[in-house]
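Residue-level listing of the chains:
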Amino acid sequence: MKRILFLLFLLPFTLFSQNFKFAQVTDTHVGGATGADDLRRTVLDLNQQQGIDFVILSGDVTEFGSDDELALAKQILDSLNLPLYVIPGNHDSNWSESGANSFRKVFGAETFFFEHKGIQFIGTTSGPNMRMSPGQVPRENLVWMDSVFQANPDQGKPLIAVNHYPLDSSLNNWYENINRIKTRNVQLALCGHGITNHLYDWEGIPGVMSRSNLRGKEEVGGYNIITISPDSVFFQVRKPQVATENYWLKLPLQKINPNASENVKRPNYDLNNNSQAKVVLGI
């Protein structure tokens, strides 16, 4: 009887899932010392890879978010022969000369939602939403998430969420993003920002940070090839034009623990319910 119940629990996911691979490239920092050359090498390498279905570029596409840097990054990425889904990072916004508006003009959007072989992917902007402001998922992104989920009501479909920042206090409203993706069958959340590969736990959601595409002190940079199987996900670093390393992380694909956030400290606004403060309009 227990075995039957276990199989029934897995059934909703395995019905949707198939084997496939995609690449996560992040923190390319075009405009920095080696950013453009490292991205060119990665694009060339991706075009030569077999079996990769699409590419996610999870932010900090440029060093300073200038119009010239964004144009150069777009020019390099236009030679990619795979579908590309891209979101901005803090470097694309923090010093933007256009008030963080050029990214949308150049790349067509700053969010994405799509379904691939039974798995949904959602990417959101992380801010800053104006020059030198803190990381924050913009209100319009949260409203957009609500509309996307309303238009796609099947909560049983597996979901992978992407943001440039980790879904923690790096974003001043991380919990509003988590509240929304937890209404779905979220499997994991991907991010960049921290430069290195790392596994986190964000209120029960496995959070995976991917390494920067920059070479740093190495001969070449790198990106992650992510393999989805019916019950697991594997992460491997690909050194462009050199080699694919053994997987550094394997995670099960399963429903998260709904009670995992019980001991997580979140902002508390209960004071507003009892405050005697009033808004006084000026004359």
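Here's what I pulled together on the structure shown here. (Residues numbered from 1 in each chain as written. Predicted model: local features only at pLDDT ≥ 70, side-chain atom pairs only at ≥ 80, totals over all residues. Heavy atoms only, no water.)

**Regarding the packing of helix 2 (residues 35–48) against helix 3 (residues 67–77)**
Each pair of packed helices can be summarised by the angle the axes make with each other and by the distance between the axes. Relative to each other, helix 2 and helix 3 sit at 20 degrees, their axes nearing to 9 Å. It follows from the interaxial angle that helix 2 and helix 3 lie roughly parallel. Between helix 2 and helix 3 lies a crossing of right-handed hand. Contacts between helix 2 and helix 3 involve A36, L39, R40 and V43 on the former and, on the latter, L72, A73, I76 and L77. Split by residue class, the contact of helix 2 with helix 3 holds seven nonpolar, no polar and one charged. (Axes fitted to C-alpha atoms, helices over the stretch in contact; angles between N-to-C directions. Helix = DSSP H or I, 4+ residues; strand = E, 2+ residues; numbered from the N terminus. Parallel < 35°, antiparallel > 145°, perpendicular 65-115°, else oblique. Left-handed = near helix turned anticlockwise from the far one by under 90°. Contact = heavy atoms within 4.5 Å. Nonpolar A, V, L, I, M, F, W, Y, C, P; charged D, E, K, R; others polar.)

**Some thoughts on empty space enclosed by the protein**
Scanning the model with the defined rule gives three cavities of 30 Å³ or more in all. In this structure, the second largest cavity is lined by V25, L39, T42, V43, L46, V55, L57, L77, L80 and L84. The set of elements that each furnish at least two residues to the lining of the second largest cavity consists of helix 2 and strand 2 (52–58). Tallied by class, the residues present in the lining of the second largest cavity amount to nine nonpolar, one polar and no charged. (1 Å grid on protein atoms, 1.4 Å probe; cavity = no way out; pocket = protein on both sides within 12 Å on 5 of 7 lines; lining within 4 Å. Points joined across faces, edges and corners; volume = space filled by probe spheres on them.)

**Some points on the pattern of salt bridges**
Taken as a whole and assessed by the stated rule, the structure comprises twelve salt bridges. The partner of R215 in a salt bridge is D38, and the shortest N-O contact between them spans 2.8 Å. Of the two residues, R215 is situated in the loop between strand 9 (205–209) and strand 10 (223–228) and D38 in helix 2; the sequence distance between them amounts to 177 residues. Classification of D38 as buried rests on a relative accessible area of 2%. Connected via shared salt-bridge partners are R211, E218 and K239. (Salt bridge = Lys/Arg side-chain N within 4 Å of Asp/Glu carboxyl O. Buried < 20%, exposed > 50% of the residue type's maximum accessible area, 1.4 Å probe, protein only.)

**Considering the environment of T111**
Looking at the element boundaries, T111 is found in the loop between helix 5 (102–107) and strand 4 (112–116). Put simply, T111 and G123 are twelve residues apart on the chain and 5.2 Å apart in space, counted from C-alpha to C-alpha. For T111, the contacting residues outside a window of four places in its chain are I87, G123, T124, T125, N141 and W144.

**Here's the deal with the sheet that holds strand 5 (residues 119–124)**
With mixed pairing, six strands are arranged side by side in an open sheet as 4-5-6-7-9-8. This sheet does not close on itself; its edge strands, each paired only once, are strand 4 and strand 8 (198–202). Adjacent strand axes in the sheet meet at a mean angle of 20 degrees, parallel and antiparallel pairs treated alike. As defined by bridge partners, strand 5 adjoins strand 6 (residues 158–163) across five bridges and the pair is classed as parallel. The residue of strand 6 that forms the bridge with G123 is V162. Contacts from helix 6 (residues 139–151) reach strand 4, strand 5 and strand 6 within the one sheet, and its direction differs from that of strand 5 by about 165 degrees. (Pairing = 2+ DSSP bridges.)

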